[in-house]
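Architecture and fold: a report
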Amino acid sequence: MEKVKALIVEDEKPGRDLLINYLGDHLNIEVLDYADNGFDAVKKINDLQPDLLFLDIQIPKLTGFEVLDLVEKMPAVIFTTAYNEFALKAFEINAVDYLLKPYSRKRFAEAVTKAIDKIAIGKKGVDEKKFIEKVNNDVDSYLQRVVIKDRTKISVIPVSDINYIEAQDDYVMIYTDNKNYLKQKTMKYFEASLDPKIFVRTHRSYIVNINQISAIEQYEKDSYVIKTLKGDSLKVSKVGFKAIKDVLDM
């Protein structure tokens with residue numbers, strides 16, 4: 001088998017040094033490079049396309065999960081972190097293993113063996129479709145921010161900045177006060193991932209931040225439109241109108 005190409009994403013030098021030391025026992029793994037923040041990690045993963053990724057979760061600029069949301073070709077992933085609360089999420093997205101710092105040389109070797117076995121039989125340890133549905137979440141149950149990549153630029157948008165979201169075929173358009181962002185996600189994903197006390201599916205084409213509603217006006221019998229603080233008019237379905245009434249306690 002050819003050497004497994006690996007990339008290390010770790011912002012602390014002692015953590016990187018430990019990984020490199022432990023990897024000295026595995027001559028079938030070649031370390032291509034390392035990254036110490038989320039932006040550099042995305043660039044290097046997409047440029048170098050490693051087979052295996054050693055990924056810390058709490059790193060500067062982006063979380064490890066947000067990094068994976070921007071990766072074009074998914075490698076096998078071994079998480080290395082000091083936080084055990086992310087373990088369930090890691091396994092939900094089919095990570096190869098989850099190493100809780102401080103981990104032993106023996107425990108590290110077990111994770112590497114699993115990764116090599118999966119790579120050898122063509123199973124990268126990560127299901128990209130599941131990543132699309134699982135990443136971007138922080139410790140909280142609902143999204144706290146959305147990460148968007150536009151060519152070489154990465155934007156991190158707090159969900160509180162979102163005015164509303166509009167369906168755009170296989171994408172959605174995210175509207176804020178300053179700019180609109182196209183994101184390859186489904187409306188169903190955002191409906192499930194955003195706090196339902198704040199973001200309401202008002203129509204098959206819209207999810208609206210209730211804090212951005214200036215008025216709800218009757219358009220015709222049993223038909224309404226939402227006026228946003230920015231002045232946009234959005235259609236409201238019967239089901240959507242009932243959802244808004246429930247949330248606003250109308």
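This text follows the structure it describes.
Residues numbered from 1 in each chain as written. Predicted model: local features only at pLDDT ≥ 70, side-chain atom pairs only at ≥ 80, totals over all residues. Heavy atoms only, no water.

Describing the pairing of strand β15 (residues 233-236)
In β15, alternate side chains face the same way, and those of L234 and V236 are buried while those of S233 and K235 on the opposite face are not. Here strand β14 (residues 223-228) pairs with β15 via 4 bridges, running antiparallel. When the sheet's bridge partners are listed, V225 is paired in β15 with K235. Joining the antiparallel neighbours β14 and β15 is a turn of 4 residues, in which G231 adopts a positive phi near 100°. (Buried < 20%, exposed > 50% of the residue type's maximum accessible area, 1.4 Å probe, protein only. Helix = DSSP H or I, 4+ residues; strand = E, 2+ residues; numbered from the N terminus. Pairing = 2+ DSSP bridges.)

What to know about the layout of surface pockets
Considered as a void within the structure, the second largest pocket measures approximately 160 Å³ in volume. Forming the boundary of the second largest pocket are F39, V42, K43, N46, D47, E72, K149, R151, T152 and I154. The dominant element in the lining of the second largest pocket, judged by the number of residues it contributes, is helix α2 (residues 38-48), at 5 residues. Tallied by class, residues from the lining of the second largest pocket come to 3 nonpolar, 2 polar and 5 charged. (1 Å grid on protein atoms, 1.4 Å probe; cavity = no way out; pocket = protein on both sides within 12 Å on 5 of 7 lines; lining within 4 Å. Points joined across faces, edges and corners; volume = space filled by probe spheres on them. Nonpolar A, V, L, I, M, F, W, Y, C, P; charged D, E, K, R; others polar.)

Examining the sheet that holds β14
Note: strands within a sheet are paired through backbone hydrogen bonds, in either parallel or antiparallel orientation. With antiparallel pairing, 3 strands are arranged side by side in an open sheet as β13-β14-β15. Looking at the sheet topology across the chains shown, the edges are occupied by β13 (213-220) and β15. On average, each strand axis in the sheet is inclined to that of its neighbour by 30°, with strand direction left out of account. The strands touched by helix α8 (residues 238-248) are β13, β14 and β15; relative to β15, the strand with the most contacts, the crossing angle is about 105°. (Axes fitted to C-alpha atoms, helices over the stretch in contact; angles between N-to-C directions. Contact = heavy atoms within 4.5 Å.)

Looking at the sheet that holds strand β2 (residues 29-35)
Across the sheet, which stays open at both edges, the 5 strands sit in the order β2-β1-β3-β4-β5 with parallel pairing between neighbours. At either end of the open sheet lies a strand with only one pairing partner, and these are β2 and β5 (97-100). Direction aside, the axes of adjacent strands within the sheet are offset by 20° on average. The pairing of strand β1 (residues 4-9) with strand β3 (residues 52-55) spans 4 bridges and is classified as parallel. The residue bridging L7 from the neighbouring strand is L53, located in β3. Across the sheet, α2 touches β1, β2 and β3, and the angle it forms with β2 is around 145°. The strands that helix α5 (residues 105-120) touches are β1, β2, β3, β4 (76-81) and β5; relative to β5, the one it contacts most, it runs at about 165°.

Side note on the environment of T228
Secondary-structure assignment places T228 in strand β14. A residue is classified by how much of its surface remains accessible, and T228, at 4% relative accessible area, is buried. For T228, the residues in contact, after removing those within four places along its chain, are Y164, Q212, S214 and L234.

Some points on unusual backbone geometry
Going from K101 to P102, the amide bond is cis rather than trans, its omega being -5°. By the secondary structure assignment, P102 is in the loop between β5 and α5. Despite not being glycine, Q49 has its phi angle at roughly 50°, a positive value. Classification of Q49 by relative accessible area gives partly exposed; the value is 40%. Phi is positive for K61, close to 80°, though the residue is something other than glycine.

Description of the environment of V67
Take V67: it is sitting in helix α3 (residues 64-69). Classification of V67 as buried rests on a relative accessible area of 0%. Along the sequence, V67 and V42 sit 25 residues apart, while their C-alpha atoms lie 5.8 Å from each other. Sequence-distant contacts of V67, that is, excluding residues within four places in its chain, are made with G38, A41, V42, I45, I59 and L62.

Re the packing of aromatic side chains
According to the stated counting rule, one finds 12 aromatic pairs in the structure shown. Where F65 meets F86, the ring centres are 6.0 Å apart and the plane angle is 45°; that geometry is what we call tilted. Of the two residues, F65 sits in helix α3 while F86 sits in the loop between β4 and α4 (87-92), which places them 21 residues apart along the sequence. Residues F65 and F86 agree in their burial class; the two are buried. Consider the rings of F79 and Y98, whose centres lie 6.3 Å apart with planes at 50°: the pair is tilted. Of this pair, F79 sits in strand β4 while Y98 sits in strand β5, placing them 19 residues apart in sequence. Across from the ring centre of Y34, 5.8 Å away, lies the NZ or CZ of K44, which sits over that ring. One residue, K185, lies across the ring of Y189, its end atom 4.1 Å from the ring centre. (Phe/Tyr/Trp six-rings, centres within 6.5 Å; stacked < 30°, edge-to-face > 60°. Lys NZ or Arg CZ within 6 Å of the ring centre and 35° of its normal.)

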